[in-house]
Amino acid sequence: MKKVLILLFICTTFISCNSQTDLETLKFDKPIPEDIKKIKDVEKDDNGTYGLKSYRTASLNHFKFGDVSFSKYAVPNGYDDAYSDIYVHVDNFEQNNYLGFSISLANDQEGTALLNYLKKKLGKAEERTTGLKNGIALVWELKESKQWVLLVQNTANTRDHKKYLTTEVTVVKQGIRVLNSENPEWLTVLGSFNAAHSKKN
């Protein structure tokens, strides 16, 4: 009996330590899972691309998106910003209601897998300009789920001039404005993205 209890405890511990929050299943305007706030290196932050109040962490091993699992990753011999991280966006730090997330992936395989998964699940995206010779910028405006999905994928160089793939994806509730503003004169997240990535002719 003791052996069974010990085995059960070990299995439960293993599962709980290796469980991942599936970002695809999170619901807008509902409190984010407590597990996110308990991640060891998580920080409250509003310095992301769109200035949204967020919980930021580089411990991506706690997250997945559908079939795509992520890992804590830094590019070998990369510059200071050559690592993966995520911002889980909330309305404020009291209610902590979920508004979306922005993820930056420096892992080639994970970036490619996420792009392929989004194409498979969401269908054809609208292509945008990147301002660079290479790379892609894509937009999905999903009316049924009331979300915007924004993706930019490009290459960057390590300190020893090796190339690696960078993938930045934002999934956010439609209508959300930069800096969590409620002023209708401020840009929405999509409007901010559009300003940097215009429609292709």
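Here, residues in each chain are numbered from 1, in the same order as that chain's written sequence. pLDDT decides what is reported in this predicted model: residues at 70 or higher carry local features, side-chain atom pairs at 80 or more are listed and counted, and totals for whole chains, interfaces and linings draw on all residues regardless. Here the side-chain values reflect all heavy atoms present in the structure, with hydrogen atoms and water set aside.

Draft legend 1. Spatial organisation of the sheet that holds strand β1 (residues 21–22). For two strands to be treated as a pair, DSSP must find at least two bridges joining them. The way it works is that DSSP assigns letters per residue, a run of H or I at least four long becomes a helix, a run of E at least two long becomes a strand, and they are numbered from the N terminus. Spatially, 3 strands are ordered β1-β4-β5 in an open sheet, and the strand pairing comes out mixed. If you trace the sheet from one side to the other, it starts and ends with β1 and β5 (68–69), each paired once. The pairing of β1 with strand β4 (residues 63–65) spans 2 bridges and is classified as parallel. Bridge pairing in β4 places Asp22 opposite Lys64.

Draft legend 2. A look at the packing of aromatic side chains. Stacked, edge-to-face and tilted are the three classes for Phe, Tyr and Trp ring pairs, Trp counted by its six-membered ring, which pair at centre distances within 6.5 Å; planes under 30 degrees apart are stacked, over 60 edge-to-face, the rest tilted. Tallied over the entire structure, the rule returns 4 aromatic pairs. Between the aromatic rings of Tyr55 and Phe93, the centroid separation amounts to 5.5 Å while the plane-to-plane angle is 85°, which identifies the pairing as edge-to-face. Here Tyr55, found in strand β3 (residues 54–57), pairs with Phe93, found in the loop between β6 (85–90) and β7 (98–105); they are 38 residues apart in sequence, far enough to count as distant. Using a relative accessible area of 5% as the deciding quantity, one classes Tyr55 as buried. Centre to centre, the rings of Phe65 and Tyr117 are 5.9 Å apart; their planes meet at 85°, and the pair counts as edge-to-face. Buried residues are those whose accessible area, probed at 1.4 Å on protein chains only, stays under 20% of the maximum for their type, while exposed residues exceed 50% and partly exposed ones sit between those limits.

Draft legend 3. Up close: the sheet that holds strand β2 (residues 43–45). With antiparallel pairing, 8 strands are arranged side by side in an open sheet as β2-β3-β6-β7-β11-β10-β9-β8. Among the strands making up the open sheet, the edge pair consists of β2 and β8 (126–128). For this sheet the average axis-to-axis angle between neighbouring strands, irrespective of direction, equals 20°. What makes two residues a contact is simply this: any of their non-hydrogen atoms within 4.5 Å. Here the axes come from fitting lines to C-alpha atoms, over the contacting stretch only for helices, and the angles between their N-to-C directions go from 0 to 180 degrees. On the sheet, helix α4 (residues 189–196) packs against β8, β9 (136–142), β10 (147–157) and β11 (163–173) and is oriented at approximately 35° with respect to β10.

Draft legend 4. Just the pairing of β6, in detail. When you tally the buried positions in β6, you get 6 out of 6 residues, the bulk of the element. Looking at chain direction, β3 and β6 are connected through 4 bridges and run antiparallel. Bridge pairing in β6 links Tyr55 to Val88. Of the pairings in the sheet, the one linking β6 to β7 comprises 6 bridges and is antiparallel in character. Among the inter-strand pairings, Tyr87 is bridged to a residue of β7, identified as Ser102.

Draft legend 5. Seen up close, the environment of Arg177. Residue placement: Arg177 occurs in the loop between β11 and α4. Separated by 15 residues in sequence, Arg177 and Ser192 have C-alpha atoms that sit 8.7 Å apart. Those residues in contact with Arg177 that sit more than four places away from it in its chain are Leu52, Asn183, Pro184, Trp186, Leu187, Thr188 and Val189. A distance of 3.4 Å separates the side chain of Arg177 from the backbone oxygen of Pro184, its partner in a polar contact. Whenever a nitrogen or oxygen atom comes within 3.5 Å of another N or O atom, the pair is scored as a polar contact, on the condition that within protein one atom can donate a hydrogen and the other can accept it, and that pairs from neighbouring residues in sequence are kept only if both atoms are in side chains.

Draft legend 6. Structural context of the pairing of β9. Within β9, 5 of the 7 residues are buried, leaving the element largely enclosed by the surrounding structure. Here β8 runs beside β9; their pairing, made up of 3 bridges, is antiparallel. Across the sheet, Glu126 pairs through a bridge with Val139, a residue of β9. Sheet topology note: the β9/β10 ladder contains 7 bridges and is antiparallel. When the sheet's bridge partners are listed, Leu142 is paired in β10 with Gln147. Following β9, the chain reverses through 4 residues before pairing antiparallel with β10; Lys146 in that reversal takes a positive phi of roughly 55°.

Draft legend 7. Structural context of the confidence of the model for the protein chain. Values of pLDDT, the confidence the predictor places in each residue, fall between 0 and 100. For the protein chain, the average pLDDT comes to 91, and 91% of its residues sit at 70 or higher. Here residues 1–17 is modelled with pLDDT under 50, and outside its nearest four sequence neighbours on either side it reaches 0 contacts, counting other chains as well.

Draft legend 8. The arrangement of helix α3 (residues 108–122) in detail. The span one expects for a helix is its residue count, reduced by one, times 1.5 Å. The end-to-end C-alpha distance of α3 is 21 Å, a good match for the 21 Å that 15 residues give at a rise of 1.5 Å each. Of the positions making up α3, those classed as buried are Glu110, Gly111, Leu114, Leu115, Tyr117 and Leu118. Around the axis of α3, the buried residues are gathered within 165° of arc, so they sit on the same side. Opposite the buried face of α3, by more than 90 degrees, sit the exposed residues Gln109 and Lys120. Elements in contact with the buried residues of α3: β4, β5, β7, β9, β10 and β11. Summarising the geometry, the arc corresponds to the directions from the helix axis toward the C-beta atoms.

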